[in-house]
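Analysis of the macromolecular model
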Amino acid sequence: MTTPLLILIAGPYRSGTGGDPALIARNLERLEEAAAPIHRLGHVPMIGEWVALPILRGIDEADAADGDVMYETAHRLLQHCDAVLRLPGDSAGADKDVEIALERGLPVYRSIDEIPGHEIAAA
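Procedures and definitions
Residues numbered from 1 in each chain as written. Predicted model: local features only at pLDDT ≥ 70, side-chain atom pairs only at ≥ 80, totals over all residues. Heavy atoms only, no water. Helix = DSSP H or I, 4+ residues; strand = E, 2+ residues; numbered from the N terminus. Buried < 20%, exposed > 50% of the residue type's maximum accessible area, 1.4 Å probe, protein only. Patch = residues over 30% accessible without salt bridge, like charges linked within 9 Å, V, L, I, M, F, W, Y side chains within 5 Å. Areas by Shrake-Rupley, 256 points an atom, 1.4 Å probe, with all protein chains shown as cover. Salt bridge = Lys/Arg side-chain N within 4 Å of Asp/Glu carboxyl O. Expected span 1.5 Å × (residues − 1). Contact = heavy atoms within 4.5 Å. Pairing = 2+ DSSP bridges. Right-handed = clockwise from strand over helix to strand, strands pointing away.

1. Let's talk about the environment of Gly42
- When you line up the elements, Gly42 lands in the loop between helix 2 (35–40) and strand 2 (44–46).
- Accessibility expressed as a relative area gives 9% for Gly42, which makes it buried.
- Each C-alpha atom, one on Gly42 and one on Gly117, is 6.2 Å from the other, the two residues being 75 residues apart in sequence.

So, in structure tokens, the structure goes:
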């Protein structure tokens, strides 16, 4: 592999939380736990919420009501990603991310162990 991959980490964020902020935060922690192993493999981890949450804080309720910023951001982000890591757990958004990745012909990994390593060149 000659170039590091930009890998979207997809899994539950709001799903199964009932809107409980503590459960949502725990889901984000689970997503983020996959970031360091992806980095150690020589790739760039990405989580849609890292991009979408600042957007949500910067728009008004009328703009937010026009659509789901979280899903829309992930879909736009997938146009730049090279692969998806789908973590376990029910999530309509993560399932949609996988669907889009497969439509684009991108690899979808179900485990960190499936992700190929990338040799990091010495500086």
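2. What about a nonpolar patch on the surface?
- A surface patch of nonpolar side chains, about 220 Å² in accessible area, is lined by Trp50, Val51 and Ile55.
- Residue position: Ile55 is located in helix 3 (residues 48–58).
- You can call Ile55 partly exposed: its relative accessible area is 35%.

3. Observations regarding helix 6 (residues 92–103)
- Here helix 6 contains 12 residues, and its C-alpha end-to-end distance of 16 Å stays within 8% of the 16 Å for a straight helix at 1.5 Å per residue.
- Close packing links the buried residues of helix 6 with strand 1 (6–10), helix 5 (69–77), strand 3 (83–86) and strand 4 (108–109).
- Positive phi appears at Gly105, one or two residues downstream of helix 6, with a value of about 80°.

4. Looking at the side chain of Thr17
- Checked against the element boundaries, Thr17 lands in the loop between strand 1 and helix 1 (21–33).
- Not counting chain neighbours up to four residues away, the residues in contact with Thr17 comprise Leu23, Ile24 and Asn27.

5. A closer look at the pattern of salt bridges
- Tallied over the full model, the rule gives 6 salt bridges.
- In this structure, Arg86 and Asp95 form a salt bridge, with 2.7 Å as the shortest nitrogen-oxygen distance.
- Look at Arg86 and you get buried, because its relative accessible area is 7%.

6. Observations regarding the pairing of strand 1
- Of all 5 residues in strand 1, 5 are buried; the element is thus mostly enclosed.
- Across 4 bridges, strand 1 lies against strand 3 in parallel orientation. Across the sheet, the residue bridging to Ile7 is Ala83, located in strand 3.

7. Brief notes about the pairing of strand 3
- Residues Ala83 and Leu85 of strand 3 are buried on one face, and the alternating residues Val84 and Arg86, pointing to the opposite face, are buried as well.
- In this structure, strand 3 lies alongside strand 4, joined through 2 bridges in parallel fashion. When the bridges of strand 4 are listed, Leu85 appears paired with Tyr109.
- For the segment spanning strand 3, helix 6 and strand 4, crossover handedness is right-handed.

8. Quick look at the sheet that holds strand 3
- Read from one edge of the open sheet, 4 strands run 2-1-3-4, paired in parallel fashion. The open sheet has two free edges, formed respectively by strand 2 and strand 4, since each of these has just one partner strand.
- Taken together, the 3 bridges between strand 1 and strand 2 define a ladder with parallel strand orientation. Bridging across to strand 2, Ile7 finds its partner in Pro45.

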